[in-house]
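Here are the chains, one letter per residue:
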Amino acid sequence: MQTNTGSYSCGAFAAVCLTCCCGHALMDFAKQQAKELGCRVLILETQSCNETAIAFYLAQGLTFFGFDRCCYGNRDVENREMRLELGCYM
């Protein structure tokens, strides 16, 4: 579903994920959609403890954009669950 900022929610890509079952295809689709929509940047969120996902996103050309130390709760740092934002410019 497109939001008023031109971004898409995760649900917009659910059908692609179910049919291709491949992270590479999903990332390619997201990047292509962002380009077609004229987006300036593609940003995704993951948790700092999800090292496998972070490695995959970095291998796909995304870079570190930012973090939030208390997005999930007041003990995010000690729980090693900080919100990370990774992205790429289109």
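This text goes with the structure placed above it.
Let me begin by describing the structure that accompanies this report. (Residues numbered from 1 in each chain as written. Predicted model: local features only at pLDDT ≥ 70, side-chain atom pairs only at ≥ 80, totals over all residues. Heavy atoms only, no water.)

A word on the overall build of the protein chain. Counting its regular elements, the protein chain contains four helices and three strands. Along the protein chain, from the amino end to the carboxyl end, the secondary structure elements read α-α-β-α-β-α-β. A total of about 6,200 Å² of accessible surface is found on the protein chain, and carbon and sulfur atoms cover 54% of it. (Helix = DSSP H or I, 4+ residues; strand = E, 2+ residues; numbered from the N terminus. Areas by Shrake-Rupley, 256 points an atom, 1.4 Å probe, with all protein chains shown as cover.)

Spanning 14 residues, helix 2 (residues 23-36) covers 20 Å between terminal C-alpha atoms, matching the ideal 20 Å at 1.5 Å per step. For helix 2, every residue scored as buried is listed here: M27, A30, K31 and A34. The buried residues of helix 2 occupy one face: seen down the axis, they fall within an arc of 95 degrees. Looking at the buried positions of helix 2, the neighbouring elements they touch are strand 1 (41-47), helix 3 (51-59) and strand 3 (83-89). Of the residues trailing helix 2, G38 is marked for its positive phi of about 75 degrees. (Expected span 1.5 Å × (residues − 1). Buried < 20%, exposed > 50% of the residue type's maximum accessible area, 1.4 Å probe, protein only. Arc of directions from axis to C-beta. Contact = heavy atoms within 4.5 Å.)

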